[in-house]
Amino acid sequence: MGIAGWRAAHARHAGIVGLAAAVLAVSFAFDLATGPAMLPVAAVLRTLVGFTHDPMLSAIVLSLRLPIALMAVLVGAALGVSGAVMQTILANPLASSYTLGISAGAGFGAALAILVGAALPLPGAWAVPLAAFGFAGLACALVAGVGQVRGATSELLVLAGIACLFLFQALLSLLQFLASPEALQQIVFWLFGSLLRASLAKAGIVALVVACVLPVLLADAWRLTALQLGDERARALGVRVTRLRLRAFVTVSLLTGVAVAFVGTIGFVGLVAPHIARLLVGEDQRIMLPASAVFGALLLSAASVASKLIMPGTVFPIGIVTALLGVPFFAWLVLARGGRR
Amino acid sequence: MRLRARGVTVRYRAVTAVDGVDLDAAPGEVLALLGANGSGKSSLMRALAGVTKHGGSVAWEGGGAVGYMPQDNASSAALTAFEVVLLGRLRSLSLRAGAAELAAAEAALGELGILHLAQRQLGTLSGGQRQLVFLAQVLAGEPRALLLDEPTSALDIAHQLQVLSMVREAAARRGLTTIVVLHDINAAARFADRIALLRQGRLVMTGTPAAALCAEALRDAYAVDVAVGPGPDARLVVVPVRPVAA
């Protein structure tokens, strides 16, 4: 009854993730079908499969909508997975790359590139993401460095991460204080988070990173699951806790850095997608990591659709919509399922 | 497996928690480790389990895994009892948990009579059930020796008896060298073949319960005056009387 029950629970959890993936596919289709141009669905479909010679139509669908819809799914998945791993290795339900200064580092990097952008020997569309990614990496290195020196306990990494968050927020405020009104406006818009900067090339990069990082994390899935029983018990089971924690931290920081670099700071997804996954499928990381990816993707994709529907003709900043849409859903989930455990 | 530990020393910065302990344990033997809070019991266990840096030598002769069960930390991970026990096979678990691993987890739950708890969430189990699940986790790893750190703390007397009986039976059935940290001296007198008494990181007494549980040694180790006498079933019973005046 132990094995059979376990297999049944596993099948149920896989079913839940499959169902969420199906809903994600629907959301993705809606994302492609909606937009300020109010195109008929049939025309969108024809364009996607290549049966159109209308340059206007293919420009809207293939150059605007497809990159945005793909980016929503990929960035959502990246943020969901990185939030799940952060919460696991830091034994902290509030941890995400947002609370640990990785996103703040990216924000500072982006603002810096916006301010001195003209002086950089880079094409404009890539200078900001590169700087954002670079400073996300720096923030990660700071936190991991502290962990390396003093033993990577979860408390220490959380404290170092929060310190990093305040440091980069202060530096960002300084830049905003010094910036011209035009640059300030650009910085603030970047910080809102937006999918409008998406392109197929950028979506391809995020896809590549997600595809590379997920297997690496899944290889540690059992060890990450064991870590949730506490450091000492994980050690007793043969886990090299400090190494695992730093390895996973750096891996997901890379994931977050890439995602945030292209779309700006979208805070809520990384925090909430793992909680939804945990409530529905438990903490066996082999299923929880893919589930966090799917729920993160679903949240951001649905937010992308909603951002176009709130005010027809305009696209709301996605960072705002994500929280407005996600908070009530999350509250409902916690209240409805909270009594079960 | 036979334990042969010599001069084991554990230091945390300026504090010496374990100070040159020599300890032996034979296969199939149940050794209770006693001592006041802070006497170095847990640190010694960690050194024997190989999860902390230590001086001296710890040799497990005969080969095989050492199953170490740390003190309960009240983790409420969203895992079922079955998943927790399966993690006992971590060293050999593939991503798709093989049939041998699943069978070992089920067998360990069955051995302790808690198969009915398999699909329960860890957070919904009682203290006694939790300890049995974690004991099953250790047993699932098919160890040749057991190191149990306070498996009965925070349990009522019925569950203390249940958990210690399970330990005793499993140790006898599998011929496990077992070292168990206990706070309850009478439980140690009842369940252990031998008792080792720690005081300020040093071993002050080892021997059978009848030999080790003398009033002087206990007074020395716990700073409490005790009365020791025969209990109803001829085993020794220890009753604390008053703290030793400083």
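Keep in mind it's a predicted model, so treat the numbers as computed, not measured.

**Structural notes on the overall build of chain B**
Counting its secondary structure elements, chain B contains eight helices and 11 strands. Projected onto its principal axes, the C-alpha coordinates of chain B cover approximately 60 × 40 × 30 Å. For chain B, the residues scored as buried account for 50% of the 246 residues in total. Across chain B, the fraction of contacts at a sequence separation of at least 24, relative to all contacts at a separation of at least 6, is 64%. Seen as two clouds, the 24 positive and the 21 negative side-chain charges of chain B have centres 5 Å apart.

**What about the nonpolar core?**
Counting residues in hydrophobic clusters, the biggest one holds 170 residues, and the most contacted among them are A:M71, A:F249, B:L34, B:F82 and B:L86. For this core, the element with the highest residue contribution is helix 3 (residues 55-89) of chain A, accounting for 14 residues. Not counting chain neighbours up to four residues away, the residues in contact with A:F249 comprise A:M86, A:I89, A:L100, A:I102, A:C140, A:V143 and A:A144. Membership of the second largest hydrophobic core comes to 26 residues, among which are B:A17, B:A25, B:Y68 and B:L147.

**Some details on helix 1 (residues 41-49) of chain B**
Residues spaced three or four apart along an α-helix face the same direction, because each turn holds 3.6 residues. Residues and elements named next belong to chain B. Most of helix 1 is tucked away: seven of the nine residues are buried. Of all the residues in helix 1, the buried ones are K41, S43, L44, M45, R46, A47 and L48. Where helix 1 terminates, the next one or two residues include G50, which has phi positive at roughly 80°.

**Focus: the side chain of A:T322**
All names here are of chain A. Tracing the backbone shows T322 in helix 14 (residues 318-337). Residue T322 is classed as buried on the basis of its relative accessible area, which comes to 2%. There is a polar contact of 2.4 Å between the side chain of T322 and the backbone oxygen of I318. In contact with T322, other than residues within four places in its own chain, are I266, F268, V269, L300 and A303.

**Focus on the interface of chain A and chain B**
Listed per partner, the contact involves 30 residues of chain A and 38 residues of chain B. Between chain A and chain B the total buried area reaches about 2,900 Å² when both faces are included, carbon and sulfur atoms providing 62% of it. The largest contributions to the chain A side of the interface with chain B come from A:W222, A:L229 and A:R233, which together make up 26% of the buried area. At the boundary of chain A and chain B, one finds two salt bridges. One salt bridge in this structure joins B:R46 and A:E232, with 2.6 Å as the shortest N-O distance. When contributions to the side of chain A that touches chain B are tallied by element, the ones reaching two or more residues are helix 1 (2-33), helix 9 (221-227) and helix 10 (231-236) of chain A. In terms of residue class, the side of chain A that touches chain B is built from 12 nonpolar, seven polar and 11 charged.

**Focus on the packing of aromatic side chains**
With the rule as written, the count across this model stands at four aromatic pairs over all chains. The interplanar angle of 40° and the centroid separation of 5.9 Å between the aromatic rings of A:W6 and B:F82 together place this pair among those described as tilted. Of the two residues, A:W6 is situated in helix 1 and B:F82 in helix 2 (residues 81-86); the pairing between them involves two chains. Accessibility assignment for this pair places A:W6 and B:F82 in one class, buried. Look at A:F108 and A:F168: their rings are 5.9 Å apart centre to centre, the planes differ by 45°, and that puts the pair in the tilted class. With a gap of 60 residues between them, A:F108 in helix 4 (residues 102-116) and A:F168 in helix 6 (residues 154-178) connect regions that are remote in the sequence. By the burial criterion, A:F108 is buried, and A:F168 matches it. Connected via pairs of aromatic rings, a cluster forms that spans A:F108, A:F135 and A:F168. If you follow A:K202 out to its NZ or CZ, it ends over the ring of A:W126, 5.8 Å from the centre. Positioned above the aromatic ring of B:F134 is the side chain of A:R233, whose terminal nitrogen or guanidinium carbon lies 3.4 Å from the ring centre.

**Things to note about unusual backbone geometry**
Residues and elements named next belong to chain B. Positive phi, close to 25°, is recorded for A97, a residue that is not glycine. A residue is classified by how much of its surface remains accessible, and A97, at 6% relative accessible area, is buried. A positive phi angle, close to 45°, is found at Q200, a residue other than glycine. Looking at the secondary structure, you find Q200 in the loop between strand 8 (194-199) and strand 9 (202-207).

**Brief notes about the pattern of salt bridges**
All names here are of chain B. According to the stated counting rule, one finds 23 salt bridges over all chains in the structure shown. In this structure, D24 engages R6 in a salt bridge whose closest nitrogen and oxygen atoms are separated by 3.1 Å. With D24 in strand 2 (residues 15-25) and R6 in strand 1 (residues 2-12), the pair connects residues that are 18 residues apart, well separated along the chain. Residue class for D24 comes out partly exposed when judged on its relative accessible area of 31%.

**Quick word on empty space enclosed by the protein**
Regions of empty space are outlined by a rolling probe, equal in size to a water molecule, passed over the atoms. Tallying each qualifying case throughout the model produces two cavities of 30 Å³ or more. Considered as a void within the structure, the largest cavity measures approximately 50 Å³ in volume. For the largest cavity, the full set of lining residues is B:V30, B:L164, B:V167, B:R168, B:V180, B:F191 and B:A192. Counting residues per element, the lining of the largest cavity draws most heavily on helix 5 (residues 157-174) of chain B, at three residues. Looking at the second largest cavity, the residues that line it are A:L79, A:S96, A:S97, A:Y98, A:S103, A:V260, A:T265, A:I266, A:G267 and A:G270. Considered class by class, the residues forming the lining of the second largest cavity number four nonpolar, six polar and no charged.

**So, the confidence of the model for chain A**
Note that predicted coordinates carrying low pLDDT should not be read in detail. Scored by pLDDT, chain A has a mean of 88; 97% of the residues are at 70 or more. Within chain A, the element-level pLDDT minimum falls on helix 14 of chain A, averaging 79, and the maximum on helix 9 of chain A, averaging 96.

**Focus on the sheet that holds strand 3 (residues 30-35) of chain B**
All names here are of chain B. As summarised here, the arrangement of the six strands in space is 5-6-7-3-8-9, forming an open sheet in which the pairing is mixed. Two strands lie at the open edges of the sheet, namely strand 5 (66-69) and strand 9, each paired on one side alone. Direction aside, neighbouring strands of the sheet carry axes that sit 15° apart on average. Those strands touched by helix 1 are strand 3, strand 5, strand 6 (145-149), strand 7 (177-181) and strand 8, and its axis lies near 150° from that of strand 6.

Conventions used here
Residues numbered from 1 in each chain as written. Chains lettered and ligands numbered in written order. Predicted model: local features only at pLDDT ≥ 70, side-chain atom pairs only at ≥ 80, totals over all residues. Heavy atoms only, no water. Helix = DSSP H or I, 4+ residues; strand = E, 2+ residues; numbered from the N terminus. Buried < 20%, exposed > 50% of the residue type's maximum accessible area, 1.4 Å probe, protein only. Contact = heavy atoms within 4.5 Å. Lys, Arg positive; Asp, Glu negative; His and termini not counted. Charge placed at Lys NZ, Arg CZ, Asp CG, Glu CD. Core = buried A, V, L, I, M, F, W, Y, C linked by side-chain atoms within 4.5 Å. Polar contact = N/O pair within 3.5 Å; in protein donor to acceptor, adjacent residues only side chain to side chain. Buried area = accessible area lost by both parts, 1.4 Å probe. Salt bridge = Lys/Arg side-chain N within 4 Å of Asp/Glu carboxyl O. Nonpolar A, V, L, I, M, F, W, Y, C, P; charged D, E, K, R; others polar. Phe/Tyr/Trp six-rings, centres within 6.5 Å; stacked < 30°, edge-to-face > 60°. Lys NZ or Arg CZ within 6 Å of the ring centre and 35° of its normal. 1 Å grid on protein atoms, 1.4 Å probe; cavity = no way out; pocket = protein on both sides within 12 Å on 5 of 7 lines; lining within 4 Å. Points joined across faces, edges and corners; volume = space filled by probe spheres on them. pLDDT = per-residue confidence, 0-100. Pairing = 2+ DSSP bridges. Axes fitted to C-alpha atoms, helices over the stretch in contact; angles between N-to-C directions.

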